[in-house]
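Here's the letter readout for the chains.
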Amino acid sequence: MNTKELYSVLEHFDFESDAKVYGNGHINETYIVDPKYIVQKINTKVFKEPDKLMDNIIAVTSFLQKKIVQEGGNPARETLTIIPTSEGHKFYKKDNENCYRCYEAISNTFSIETVENPHDLYEAAKAFALFQKRLADFPAEELSETIKDFHNTPKRFNDLLQAIEKDEMGRAKNVKEEIEFALSQKDWINAVTDGLSDGSIPLRVTHNDTKINNVLFDNATRRAICVIDLDTVMPGSLLYDFGDALRIGAASGEEDEVDISKIFFRLDCFEAFVKGFAEEMGDNLTQREVELLALSAKLLTYECGIRFLTDYLNGDTYFKIHRENHNLDRCRTQFKLVRDMDEKMDEMNKIVKKYFENEQN
Ligand code: ADP
Ligand code: GN1
Ligand code: MG
């Protein structure tokens, strides 16, 4: 947002103080005000129906607030609170392309970009699992699908094929190796979509964007207290949330690290996550879900890798970029992790077995 736009937005929430750019999300524009409030410009290229998106978030946060109160928790710290505009609307909609919302900033918290201590991942796993558990009896039919086929990996694969064929920017020649690798993985990437189709994997209400910086940690206790970024809460598979969290959570370096020799998949972080997830979810997983836990980390990492590659080929129209080849650098770290997970798959499955031995039904 430019300054004029920003000030006109702040006026609609009756804010007089200054706003600063905040966070490292790839989708929305986020500002902190005061520092009591978070103001976001919703990315309407990505979320084409902002009213439905906000209805989803209102429904989910009100449901969670009630659950948290019943459990004796603190709803103001354990889920997002929407601040309506001064006119009493759920968000400020200048027009369909320019939409802005406000949340209470959850104070004395921090988010993590790259995990250093596996215990943080144990904490994140508990938070994501608790999020799923709390939403287990949410009426899924009330939710709109904010992005269709969001984690449909075979569909993402076809999007990549189309981008290669179109080659709008003439960039395909720069990424022959990456394209070859992406296409060589075709045979195993429908594991979760097949399970959803044949019923061996249940459809649940899931978060779908369990990146580690979408969890807030308490400054004082370092416990993961709140799952944020609820734009993609939709019916999906538990494996999406499990796998996606490990993509960054168990990576040895940043998502956009240029020196990919620094990137590998950390089994200590994987184990910490599995432990936290198993402790919180108990026997709520089906046998097929347990069987695919380890593979889901590789699958969601692969999926994100091909999304970055597709966006690079399409001319960087989806993810925010901050430098040339940013999406390509991101794609390369994801593919390096996929290769590494491939080698570590037996060990990963052994870890899953250790924590889920007698849990599944
Ligand atoms: P994006 O969709 O662009 O990722 P997010 O909703 O995840 O946007 O917000 C970006 C970042 O802003 C988060 O990673 C987090 O650090 C910070 N943030 C967002 N909402 C809050 C909040 N309510 N309280 C504190 N920090 C927040
Ligand atoms: C985006 O919004 P953010 O930065 O939390 C993206 C995720 C990707 C992630 C890659 C709505 O997440 O799906 O995994 O970037 N969100 C959307 O870092 O596309
Ligand atoms: Mg985010």
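The structure displayed is predicted, hence computed values, not measured ones.

**Q** Honestly, the overall build of the protein in this entry has me stumped. Any pointers?
**A** Check the secondary structure of the protein and you find eleven helices and ten strands. Taken over the C-alpha trace, the protein has a radius of gyration of 20 Å; the compact-globule value for 361 residues is 21 Å, and the two agree within 12%. Out of the 361 residues belonging to the protein, those deemed buried represent 55%. Across the protein, the fraction of contacts at a sequence separation of at least 24, relative to all contacts at a separation of at least 6, is 76%. As displayed, the protein offers around 16,300 Å² of accessible surface, 47% of which is attributable to carbon and sulfur atoms. Side chains of the protein give 46 positive and 65 negative charges; the mean places of these two sets differ by 1 Å.

**Q** Even after reading the chapter, I still don't get the sheet that holds strand β5 (residues 98-104), so can you show me in this structure?
**A** The pairing of strands in a sheet happens through backbone hydrogen bonds and is either parallel or antiparallel. Reading across from one edge, β1-β2-β3-β5-β4 is the order of the five strands in this open sheet, with antiparallel pairing throughout. Two strands in the sheet have a free side with no partner beyond their single neighbour: β1 (19-21) and β4 (92-95). Each neighbouring strand pair of the sheet contributes to a mean axis angle of 25°, computed without reference to strand direction. The sheet contact formed by strand β3 (residues 37-41) and β5 spans five bridges and is antiparallel. Across the sheet, residue I38 finds its bridge partner in β5, namely Y103.

**Q** Sorry, what's going on with the site of ligand 1 here?
**A** Around ligand 1 sit 19 residues, and of these N28, Q40, I106, S111 and N213 come closest. Note that an oxygen atom of ligand 1 is positioned 2.9 Å from one of the backbone N or O atoms of N213. Within the contact set of ligand 1, an oxygen atom lies 3.0 Å away from a side-chain nitrogen or oxygen of N214. Protein chains shield 95% of the accessible area of ligand 1, which is 550 Å² for the free molecule. Along the lines of polarity and charge, the residues of the shell around ligand 1 split into eight nonpolar, nine polar and two charged. Three or more residues apiece are contributed to the shell around ligand 1 by two domains, here domain 1 (3-107) and domain 2 (118-360).

**Q** What is the right way to look at helix α7 (residues 191-198) in this model?
**A** Because an α-helix packs 3.6 residues into every turn, residues spaced three or four apart end up facing the same way. Taken as a whole, α7 has its buried residues at A191, V192, T193 and G195. Close packing links the buried residues of α7 with α5 (153-166), α8 (238-249) and α10 (287-314). Looking at the residues trailing α7, positive phi occurs at G199, about 85°.

**Q** Looking at this structure, I do not really get the packing of aromatic side chains. What am I missing?
**A** What characterises a pair of aromatic rings is the spacing of the ring centres plus the angle enclosed by the ring planes. Within the structure shown, the criterion is met by 15 aromatic pairs. Taken together, a centroid distance of 5.0 Å and an interplanar angle of 80° make the contact between F63 and F138 edge-to-face. Here F63 is found in helix α2 (residues 50-70), whereas its partner F138 is found in the loop between α4 (118-134) and α5, with 75 residues between them in sequence. Across the pair, exposure class does not vary: F63 and F138 are buried alike. With centroids separated by 4.7 Å and ring planes inclined at 55°, the aromatic side chains of F308 and F319 adopt a geometry described as tilted.

**Q** Sorry if this is basic, but what is going on with the coordination of the magnesium ion (ligand 3) here?
**A** Each pair of donors in an ideal octahedron of six around a metal sits at 90 or 180 degrees, and each pair in an ideal tetrahedron of four sits at 109.5 degrees. Donor atoms from the polypeptide that bind the magnesium ion (ligand 3) are N214 (OD1) and D229 (OD), placed at 2.2 to 2.3 Å. Remark: D229 occurs in the loop between β9 (224-227) and β10 (234-236) and N214 occurs in the loop between β7 (204-206) and β8 (215-218); sequence separation between them is 15 residues.

**Q** Explain the packing of α5 against α10 to me, please; I cannot follow it from the model alone.
**A** Relative placement of two packed helices is described by the angle separating their axes and the distance separating the axes. Running from N to C, α5 and α10 cross one another at 25°; their axes reach a closest spacing of 9 Å. Here α5 is positioned roughly parallel relative to α10, judged by the angle of their axes. Of the two elements, α5 crosses α10, and the hand of that crossing is left-handed. Seen from α5, the contacting residues are T153, R156, F157, D159, L160, A163 and I164; seen from α10, they are L299, Y302, E303, I306, R307, L309, T310, L313 and N314. Tallied by class, the residues present in the contact of α5 with α10 amount to nine nonpolar, three polar and four charged.

**Q** For this particular structure, what's the right way to read the sheet that holds strand β6 (residues 109-110)?
**A** The antiparallel open sheet is built from three strands, whose spatial order is β6-β8-β9. Only two strands of the sheet have a single neighbouring strand rather than two, namely β6 and β9. Pairing of β6 with β8 involves two bridges; the strand directions are antiparallel. Counted as the bridge partner of F110 is F217 from β8.

**Q** Help me understand the site of ligand 2 in this model?
**A** In the vicinity of ligand 2 lie 17 residues, with H26, K211, E255, R307 and Y318 positioned nearest. Interatomic distance of 2.8 Å between a side-chain N/O atom of R307 and an oxygen atom of ligand 2. Within the complex, 98% of the 440 Å² of free accessible area of ligand 2 lies under protein. No other element matches α10, which puts three residues into the shell around ligand 2. Looking at the shell around ligand 2, its residues break down into seven nonpolar, four polar and six charged. Viewed by domain, the shell around ligand 2 spans two of them, domain 1 (3-107) and domain 2 (118-360), each represented by three or more residues.

**Q** What's the story with the pattern of salt bridges in this structure? I'm lost.
**A** When charged atoms on two side chains of opposite charge get close, those side chains can pair. Tallied over the entire structure, the rule returns 29 salt bridges. Among the salt bridges present, the one from E178 reaches R332, with a minimum N-O distance of 2.7 Å. Of this pair, E178 sits in helix α6 (residues 176-184) while R332 sits in helix α11 (residues 326-356), and the two are 154 residues apart along the sequence. Among the ionic pairs, E255 bridges to R247, the shortest N-O distance being 2.9 Å. Exposure remark for E255: the relative accessible area of 11% places this residue in the buried category. By relative accessible area, R247 is classed as buried at 3%. Salt bridges here are not isolated pairs; linked through shared partners, they connect E71, E78 and R134.

What counts and what doesn't
- Residues numbered from 1 in each chain as written.
- Chains lettered and ligands numbered in written order.
- Predicted model: local features only at pLDDT ≥ 70, side-chain atom pairs only at ≥ 80, totals over all residues.
- Heavy atoms only, no water.
- Helix = DSSP H or I, 4+ residues; strand = E, 2+ residues; numbered from the N terminus.
- Rg over C-alpha atoms; globule rule 2.2 N^0.38 Å.
- Buried < 20%, exposed > 50% of the residue type's maximum accessible area, 1.4 Å probe, protein only.
- Contact = heavy atoms within 4.5 Å.
- Areas by Shrake-Rupley, 256 points an atom, 1.4 Å probe, with all protein chains shown as cover.
- Lys, Arg positive; Asp, Glu negative; His and termini not counted.
- Charge placed at Lys NZ, Arg CZ, Asp CG, Glu CD.
- Pairing = 2+ DSSP bridges.
- Axes fitted to C-alpha atoms, helices over the stretch in contact; angles between N-to-C directions.
- Near = heavy atom within 4 Å.
- Polar contact = N/O pair within 3.5 Å; in protein donor to acceptor, adjacent residues only side chain to side chain.
- Nonpolar A, V, L, I, M, F, W, Y, C, P; charged D, E, K, R; others polar.
- Domains from an automatic or database assignment.
- Phe/Tyr/Trp six-rings, centres within 6.5 Å; stacked < 30°, edge-to-face > 60°.
- Donors = N, O, S within 2.8 Å, 3.2 Å for Na, K, Ca; no water.
- Parallel < 35°, antiparallel > 145°, perpendicular 65-115°, else oblique.
- Left-handed = near helix turned anticlockwise from the far one by under 90°.
- Salt bridge = Lys/Arg side-chain N within 4 Å of Asp/Glu carboxyl O.

Limitation: the analysis is restricted to geometry and does not speak to function.
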